[in-house]
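Descriptive structure summary
Chain by chain, the residues:
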Amino acid sequence: MTRNIDADAFIRGTCRLERSSGWKQNAQRFLLNRLTEVSNLQKDVLTGTYQPDQGGKFRIHENGHERIIHAMTPRDAVLQHVLTDEVLIPALRRYLIYDNGASLKGKGISFTRRRFEEHLRWHYRRYGTDGYILLIDFRKYFDNIRHDTALRLVAEKIPDSIIISILQKIFKTYEVDVSYTNNKDIEKEVFNSLEYQHISKELLTGRRYMRKSISIGSQISQIIGVFYPTLIDNYCKTVKGIRCYDAYMDDRIIIHPDKEYLKRLLKEIETIAGQLGITINKKKTQIVKISHGFTWLKTRYILTDTGKIIRKIPRDAVKRERRRIKKIKQLVETGELTEKQAWVQYKSWRGDKKWYHAHRTLRDMDKLYKELMKNDK
């Protein structure tokens with residue numbers, strides 16, 4: 001696998017950096033000396049002297065959820081692009097089930113929604129609206145991925161000492177300082193990175209670290225997050241022979257006519273998840289009747305008696321956008337945003353919703369926007 005990270009691979013990595021972060025000042029400085037930086041980086045990787053930087057962290061609010069993003073230096077970002085695109089994805093993708101659509105070229109959320117609807121129609125042709133949906137969500141998924149387990153799973157598929165050594169160094173930067181506690185079983189408990197931010201820095205002395213949690217925002221974390229629960233996916237699709245099974249990052253959905261079967265399956269999945277160190281979120285994991293409707297991947301699904309699939313925008317998404325429009329209005333009034341910039345932001349939300357059966361909702365949202373902005377264009 002090391003042969004895949006030649007000079008050409010690093011040049012391709014800089015091109016990906018330019019597309020994703022070329023507007024940043026530190027990325028521009030790195031790209032001005034592209035050949036020199038690539039030569040030094042490749043030399044460090046092949047000689048084993050490469051050491052990743054700690055980088056920085058910042059918070060974002062996405063769809064009503066607060067997340068902590070790990071910001072990398074351009075040098076580390078290029079290496080992660082190379083490792084992910086040239087080594088990890090080609091080697092690990094073959095072990096993923098076909099219906100896993102997250103963070104892979106040619107797939108994505110649209111692919112997963114389309115495959116799910118194909119499975120829903122397949123179920124309807126055989127059982128009608130009789131049946132149940134098992135919705136599975138893992139609690140604080142990225143925060144609780146174990147480094148030793150992830151490295152072992154990757155090493156089984158990629159037996160390359162240089163690659164594994166680099167991953168170990170990257171995971172080292174993700175370790176959590178737990179000097180504030182003497183709890184010996186802290187690694188067995190569910191870790192919450194948001195709550196961790198409230199701990200006083202004076203208590204984080206570096207005396208003790210927990211090898212757990214991978215940061216959101218890096219290419220390595222994305223593919224590791226997709227690959228990590230492969231044991232669960234293969235057990236359900238191959239061992240149990242479940243046809244209507246779809247996965248997207250840490251979300252799973254299963255369609256089956258027997259509710260008791262899904263209850264037993266959930267217990268079996270919990271056992272495998274426990275071996276991986278991840279926990280089922282009891283609040284979000286549920287079994288619902290198909291005819292009652294259900295929400296998955298930010299879509300409210302309703303299957304009618306005639307077999308038609310109706311897609312609705314979830315209410316919380318509509319409420320969130322209403323608040324966002326009012327906030328944008330305030331920014332326009334203070335001059336922080338122009339009317340054109342405000343329209344582009346609203347249009348980006350509205351354009352994604354054409355896939356839904358939500359004519360009245362979109363009409364009402366347009367009316368609200370026009371009334372607030374006093375703009376009929």
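Residues numbered from 1 in each chain as written. Predicted model: local features only at pLDDT ≥ 70, side-chain atom pairs only at ≥ 80, totals over all residues. Heavy atoms only, no water.

The number of helices and strands found in the protein chain is 14 helices and 11 strands. Whereas a compact globule of 377 residues would reach a radius of gyration of roughly 21 Å, the protein chain reaches 23 Å, a difference of no more than 12%. Projected onto the principal axes, the alpha-carbon positions of the protein chain cover approximately 65 × 60 × 45 Å. The burial tally for the protein chain puts 48% of its 377 residues in the buried class. Sequence-distant contacts, at least 24 apart, represent 73% of the contacts inside the protein chain between residues at least 6 apart. A total accessible area of about 20,300 Å² is found for the protein chain, and carbon and sulfur atoms account for 48% of it. Computed over 73 positive and 46 negative side-chain charges, the inter-centroid distance for the protein chain is 4 Å. (Helix = DSSP H or I, 4+ residues; strand = E, 2+ residues; numbered from the N terminus. Rg over C-alpha atoms; globule rule 2.2 N^0.38 Å. Buried < 20%, exposed > 50% of the residue type's maximum accessible area, 1.4 Å probe, protein only. Contact = heavy atoms within 4.5 Å. Areas by Shrake-Rupley, 256 points an atom, 1.4 Å probe, with all protein chains shown as cover. Lys, Arg positive; Asp, Glu negative; His and termini not counted. Charge placed at Lys NZ, Arg CZ, Asp CG, Glu CD.)

The sheet built from four strands is open, its strands ordered β6-β7-β3-β8 with antiparallel pairing. Here the strands that pair on one side only, and so sit at the sheet edges, are β6 (245–248) and β8 (286–289). Recorded for the sheet is a direction-independent mean angle of 15° between the axes of neighbouring strands. Bridge count between β6 and strand β7 (residues 251–256): four bridges; the pairing is antiparallel. Looking at the pairing, Y245 lines up with I254 of β7. Packed on one face of the sheet, helix α10 (residues 230–239) meets β6 and β7 and runs near 165° to β6. Here helix α11 (residues 259–276) sits on the sheet in contact with β3 (132–137), β7 and β8, set at roughly 15° to β3. (Pairing = 2+ DSSP bridges. Axes fitted to C-alpha atoms, helices over the stretch in contact; angles between N-to-C directions.)

Below, the discussion takes up helix α13 (residues 339–351). With 13 residues, α13 should cover 18 Å at 1.5 Å per step; its first-to-last C-alpha distance of 18 Å lies within 8% of that length. Turning to α13, its buried residues number three or more, namely A342, Y346 and W349. The arc that holds the buried residues of α13, viewed along the axis, is 55°, so those residues lie on one side. (Expected span 1.5 Å × (residues − 1). Arc of directions from axis to C-beta.)

What follows is about a positive patch on the surface. Residues R139, K140, K283 and K284 make up a contiguous surface patch of positive charge. Mapping R139 onto the fold places it in the loop between β3 and α6 (147–157). (Patch = residues over 30% accessible without salt bridge, like charges linked within 9 Å, V, L, I, M, F, W, Y side chains within 5 Å. Salt bridge = Lys/Arg side-chain N within 4 Å of Asp/Glu carboxyl O.)

Once that is clear, we can look at the pattern of salt bridges. Under the definition given, this model contains 23 salt bridges. Of the charged contacts, one joins E118 and R115 as a salt bridge, the two residues approaching to 3.0 Å between their closest N and O atoms. Separated by three residues within a single helix, E118 and R115 lie in helix α5 (residues 109–127), roughly one turn from each other. Among the residues examined, E118 registers a relative accessible area of 35% and is labelled partly exposed. Salt-bridge contacts for E156 lead to R152; the nearest nitrogen and oxygen are separated by 3.5 Å. Pair noted here: E156 and R152 are both in helix α6, with a separation of four residues, about one helical turn. Judged by its relative accessible area of 49%, E156 falls in the partly exposed class. With a relative accessible area of 41%, R152 lands in the partly exposed category. Linked by salt bridges that have partners in common, R12, R16, D85 and E86 make up one network.

Attention now goes to the packing of α6 against helix α7 (residues 161–172). Packed helix pairs are specified by the crossing angle of their axes together with the interaxial distance, meaning the distance between the axes. Running from N to C, α6 and α7 cross one another at 160°; their axes reach a closest spacing of 11 Å. The orientation of α6 relative to α7 falls into the category roughly antiparallel. Every pair of crossing elements has a handedness; the one defined by α6 and α7 is right-handed. Within the contact between the two elements, α6 uses H147, A150, L151, V154 and A155 and α7 uses I164, L167, Q168 and F171. Here the residues of the contact of α6 with α7 sort into seven nonpolar, two polar and no charged. (Parallel < 35°, antiparallel > 145°, perpendicular 65-115°, else oblique. Left-handed = near helix turned anticlockwise from the far one by under 90°. Nonpolar A, V, L, I, M, F, W, Y, C, P; charged D, E, K, R; others polar.)

Before going further, it helps to spend a moment on the nonpolar core. Residues F10, I232 and I254 are the most contacted members of the largest nonpolar core, which totals 67 residues. With 10 residues, helix α4 (residues 74–92) is the largest single contributor of residues to this core. (Core = buried A, V, L, I, M, F, W, Y, C linked by side-chain atoms within 4.5 Å.)

Turning our attention to the packing of helix α12 (residues 315–334) against α13. Running from N to C, α12 and α13 point in directions that differ by 170°, and their axes come no closer than 10 Å. One way to sum up the angle between α12 and α13 is to call them roughly antiparallel. Every residue of α13 that contacts α12 at A317, E321, R324, I325, I328 and V332 is listed here: E339, A342, Q345, Y346, S348 and W349. Split into classes, the residues belonging to the contact of α12 with α13 amount to seven nonpolar, two polar and three charged.

For α10, the complete set of buried residues consists of T230, I232, D233 and C236. One side of α10 holds all its buried residues, which, seen down the axis, span an arc of 160°. Every exposed residue of α10 that faces more than 90 degrees away from the buried side is listed here: T238 and V239. Buried positions along α10 lie against α9 (219–227), β6, β7 and α11. Positive phi shows up at G241, right after α10, with a value of about 65°.

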